[in-house]
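Examining the three-dimensional arrangement
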Amino acid sequence: MNVTAKFEFTTKQIEEAIDVVYKRDAAKYKVKGFRQGAAPRKMIEQNHGDVFSEEAFNKLFNEAFKKYLADNKEVTPVDDPDVTVEPTEKGLVFVATIPVQDKFTLGKYTGIEIKLPAAKIGDKDVDAFLERIANSRARQIAAAPGHKIKDGDIAVIDFCGYLNGKKFAGGEAKNHELVIGSKSFIDTFEEQLVGKSVKDKVKVNVTFPKEYHAAELAGKPVVFEVEIKNILIREIPAIDDNLAKETSEFKTLAELKKDTRERLEKHLKAEVDQAYEQELLRKIAEGTKINVHEKLTERYFAKIMADLEARLAQSGINIEMYAQYNGVDLEGLKKVQRENAMNSAKIGLVLDAVQSKEKIKNFDEVIKFLKEKNKCTFGAK
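The present account deals with the structure reproduced in this document.

Rules and cut-offs
Residues numbered from 1 in each chain as written. Predicted model: local features only at pLDDT ≥ 70, side-chain atom pairs only at ≥ 80, totals over all residues. Heavy atoms only, no water. Buried < 20%, exposed > 50% of the residue type's maximum accessible area, 1.4 Å probe, protein only. Helix = DSSP H or I, 4+ residues; strand = E, 2+ residues; numbered from the N terminus. Pairing = 2+ DSSP bridges. Core = buried A, V, L, I, M, F, W, Y, C linked by side-chain atoms within 4.5 Å. Contact = heavy atoms within 4.5 Å. Salt bridge = Lys/Arg side-chain N within 4 Å of Asp/Glu carboxyl O. Axes fitted to C-alpha atoms, helices over the stretch in contact; angles between N-to-C directions. Left-handed = near helix turned anticlockwise from the far one by under 90°. Nonpolar A, V, L, I, M, F, W, Y, C, P; charged D, E, K, R; others polar. Phe/Tyr/Trp six-rings, centres within 6.5 Å; stacked < 30°, edge-to-face > 60°. Expected span 1.5 Å × (residues − 1). Arc of directions from axis to C-beta. Lys, Arg positive; Asp, Glu negative; His and termini not counted. Polar contact = N/O pair within 3.5 Å; in protein donor to acceptor, adjacent residues only side chain to side chain.

Concerning the pairing of strand 3 (residues 91–99)
Taken across its 9 residues, strand 3 has 8 buried, putting it largely inside the fold. By the bridge criterion, 9 bridges tie strand 1 (residues 2–10) to strand 3 in an arrangement that is antiparallel. The partner of K6 across the bridge, within strand 3, is V95. Hairpin connection, strand 2 (residues 82–87) to strand 3: the antiparallel pair is bridged by 3 residues.

Below, the structure written as structure tokens:
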């Protein structure tokens, strides 16, 4: 809902407020014939426009609005008010439309059981982690003579592409390193190199995707003449005491495994704790009927979108590309994120209500209280 409040100011109050701003900001404006800061207000306004009024209006309104909220504790805005200014015989009246969240009754928030899949760190998890460490230490070496290309190998190739028997722009390279199985090249290009050896020359037949960015190639069949110059394979170190010494402060593999298990268990505990928290808050919000104010939803939505775009920018991706990767258009993405915003706003309102009802001092204590007053159980994986 919205609450309307009116704030009236006389012409005298307005003039005094403008004069205060003028005295504070006059030095910002240059007027020919006057030293900086010494020009009369009317001269500055003649040269630069009505530069003091808006700031004066903001000052008057903000002070009055702050007092209004102090005197009306029941009015808690969920966003900035919309303000219109109307002239009166005595001066001006500021009409503020204040967005206020509808009251709601808090649903059940204690005695809830949250069921999560069983989670435990096993030997396979430890082994998989150590394999990733070993893979990170792999080095590239030239394959033995006669070695045939297989998935995971790096083929060093020269290639040239032909469309209708003619070379096309961007279809040629020398000593290009292609990881077989990476799907970085179109269609079945990589698969057609499997089983080949150094010095082999291969004609690779592929078709460009219909949505390919170069219109002249989109959906077209082409032939690549490929020469295999070299084959590199990844030599992965053994998972043993030497690996432990080289990658950690431990001298034996047994010590590294023990530490790895402990760290994985700690990480898993944090993940489970977060999953419990998220599902618990979702459940409590689901059990509370709230008509979230549109302004509050929009505020959450703006933050979600700003955070998303900032994260994507770090990876060199814009919001439109991200939407396409997720199989939707920009409007479809916004619809999903707006729904997320409404749910987040609802959870925020629920947490505020619990904090007020239980007289809890801060947000972290609210979360701690809810986790303690509810239960998390584990079922089958």
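A closer look at the nonpolar core
By size, the foremost hydrophobic cluster in this structure holds 38 residues, and its most contacted members are Y109, L280, I284, V350, V354 and L370. Secondary-structure elements contributing two or more residues to this core are strand 4 (113–117), helix 4 (123–136), helix 5 (241–247), helix 6 (253–286), helix 9 (330–358) and helix 10 (363–373). Ranked by residues supplied to this core, first place goes to helix 6 with 10 residues. Each residue touching L370, except ones within four places of it in the same chain, is listed here: Y109, Y276, L280, L281, I284, L351 and V354. In this structure, A39, F52, A56 and Y68 belong to the second largest nonpolar core, which totals 27 residues.

Description of the pattern of salt bridges
Per the counting criterion, the structure on display carries 23 salt bridges. Note that E279 is salt-bridged to R282, the shortest N-O span being 2.6 Å. In this pair, E279 and R282 both sit in helix 6, 3 residues apart, roughly one turn of the helix. For the salt bridge of R282 with E286, the shortest nitrogen-to-oxygen distance reads 2.9 Å. A residue pair is termed a helical-turn pair when its members lie 3 or 4 positions apart in one helix, as R282 and E286 do in helix 6 at 4 residues. Under the relative-accessibility criterion, E286 is labelled exposed at 52%. Because the salt bridges share partners, they merge into one network encompassing R24, D25, K28 and E55.

Some thoughts on the pairing of strand 7 (residues 166–179)
Where strand 6 (residues 154–163) lies against strand 7, 8 bridges are found, and the strand directions are antiparallel. Looking at strand 7, one finds that F159 is bridged to A173.

Comments concerning the packing of helix 1 (residues 11–25) against helix 3 (residues 53–71)
Working note: a packed helix pair is described by the angle between its axes plus the distance between those axes. Where helix 1 contacts helix 3, the axes come no closer than 8 Å and their chain directions differ by 115°. When the axes of helix 1 and helix 3 are compared, the crossing they make is right-handed. For the pair formed by helix 1 and helix 3, the contact residues are Q13, I14, A17, I18, V20, V21 and R24 on the first element and S53, E55, A56, F57, K59 and L60 on the second. In terms of residue class, the contact of helix 1 with helix 3 is made up of 8 nonpolar, 2 polar and 3 charged.

Notes on the environment of L116
Looking at the secondary structure, you find L116 in strand 4. Taking the C-alpha atoms as reference points, L116 and L253, separated by 137 residues in sequence, lie 33 Å from one another. Apart from the residues lying within four places of it in its own chain, the contact partners of L116 are V272, A275, Y276, C376, T377, F378 and G379.

Notes on the packing of aromatic side chains
Enumeration over the complete set of coordinates arrives at 19 aromatic pairs. Summarising the aromatic geometry, the rings of Y22 and F52 are spaced 5.7 Å apart at their centres and angled 75° between planes, so their arrangement reads as edge-to-face. Here Y22 is found in helix 1, whereas its partner F52 is found in the loop between helix 2 (41–48) and helix 3, with 30 residues between them in sequence. Here the two residues Y22 and F52 agree in accessibility, since each one is buried. On the numbers, 5.4 Å between centres and 15° between planes, the contact of F61 with F65 is stacked. Here the residue F61 and the residue F65 both occupy positions in helix 3, the gap between them amounting to 4 residues, near one helical turn.

Side note on helix 3
In a regular helix each residue adds 1.5 Å, so 19 residues correspond to 27 Å; helix 3 covers 27 Å between its end C-alpha atoms and thus fits that length. Every buried residue belonging to helix 3 is among S53, A56, L60, F61, A64, F65 and Y68, and all of these are buried. One side of helix 3 carries all its buried residues, which in axial view fall inside an arc of 155°. At its buried positions, helix 3 is contacted by strand 1, helix 1, strand 2 and strand 3.

Thoughts on the side chain of K346
Relative to the helices and strands, K346 is located in helix 9. Nearest to the buried, unbridged K346 among oppositely charged side chains is E286, at 8.0 Å. Of the polar contacts made by the side chain of K346, one reaches the backbone oxygen of T288; its length is 3.1 Å. Among all residues touching K346, those that are not within four sequence positions of it are A285, E286, T288, I290 and V292.

What about unusual backbone geometry?
A positive phi is found at D187, a non-glycine position, where the angle reads about 50°. Structurally, D187 is set in the loop between strand 7 and strand 8 (201–207). On the basis of relative accessible area, D187 is assigned to the partly exposed category, the value being 42%. The residue K199 is not glycine, and still its phi comes out positive at about 80°. The topology assignment puts K199 in the loop between strand 7 and strand 8.

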